[in-house]
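So the chains spell out like this:
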Amino acid sequence: DAGVTQSPTHLIKTRGQQVTLRCSPKSGHDTVSWYQQALGQGPQFIFQYYEEEERQRGNFPDRFSGHQFPNYSSELNVNALLLGDSALYLCASRAERAFFYEQYFGPGTRLTVT
Amino acid sequence: AQSVTQPDIHITVSEGASLELRCNYSYGATPYLFWYVQSPGQGLQLLLKYFSGDTLVQGIKGFEAEFKRSQSSFNLRKPSVHWSDAAEYFCAVGIQTGANNLFFGTGTRLTVIP
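What you see is a predicted model; the values in this text were computed from it and never measured. (Residues numbered from 1 in each chain as written. Chains lettered and ligands numbered in written order. Predicted model: local features only at pLDDT ≥ 70, side-chain atom pairs only at ≥ 80, totals over all residues. Heavy atoms only, no water.)

Peer 1: Any details on the pairing of strand β5 (residues 32-38) of chain B? Residues and values, ideally.
Peer 2: Residues and elements named next belong to chain B. For β5, a buried count of seven out of seven residues is recorded, marking the element as mostly surrounded by other parts of the structure. Here β5 shows a buried face lined by Y32, F34, Y36 and Q38 and a second buried face lined by L33, W35 and V37. Bridging between β5 and strand β10 (residues 87-94) involves seven bridges; their strand directions are antiparallel. When the sheet's bridge partners are listed, W35 is paired in β10 with C91. Note that β5 and strand β6 (residues 44-50) share six bridges and pair antiparallel. Residue W35 lies in a different strand from β6, and its bridge partner there is L48. Where β5 folds back onto β6 in an antiparallel hairpin, the turn is made up of five residues, including G41, whose phi is positive at roughly 75°. (Buried < 20%, exposed > 50% of the residue type's maximum accessible area, 1.4 Å probe, protein only. Helix = DSSP H or I, 4+ residues; strand = E, 2+ residues; numbered from the N terminus. Pairing = 2+ DSSP bridges.)

Written out as structure tokens, the structure reads:
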């Protein structure tokens, strides 16, 4: 049983560009959350998707957007990249009916903005 | 507002020695508390969790944590550290909203010397 998978593993972008990160949840999970982990910091909640809708958002600008597909996989899009967007982006999934602590994290995508 | 403080940025211990990592939280309601571990290139792995009941909780890999409401603390302990425990450790508070997202501390990096 594959856990949470994310792609790509690493990528490098230039300021002003746009990027799309992808996440496949653990089998049986239908809820996906995204977190940003800057160097030397703990993860920060970006938003969560359930039933293909954004359910809740953390303190991130509209440049950060997402999508959830019918198969529960999810994308994180970041527009107009800034140097400060360089970070590890983590995806976490869980089953909606499960107690919320049963969140599983993927290995992350390391984004470098130059 | 909720927050998590991990006062120790970096801790070095000898293999076989005991370990205690500190965590203090601020949250208006009954907290859900977690400890995660992150090894280089890996996602976050849940070590243990506290919701209610017995204030001493046992986790994986021989870790335990004690919830002290009077001190707003949830310190992580291990009686004998192994070299494989070297990693980054994060304390988190669970927010009981629709998204059930997590608020993380800034982490403590553990180095184990032979």
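Peer 1: With reference to specific residues and values, describe the sheet that holds strand β1 (residues 5-7) of chain A.
Peer 2: Residues and elements named next belong to chain A. Judged by pairing direction, the sheet is antiparallel, and its four strands sit side by side in the order β1-β3-β8-β7 without closing on themselves. Sheet topology places β1 and β7 (64-68) at the edges, where each strand pairs with a single neighbour. Strand-to-strand twist across the sheet, computed as the mean angle between neighbouring axes with direction ignored, equals 20°. Pairing of β7 with strand β8 (residues 74-78) involves five bridges; the strand directions are antiparallel. Paired with G66 across the two strands is L76, which belongs to β8. (Axes fitted to C-alpha atoms, helices over the stretch in contact; angles between N-to-C directions.)

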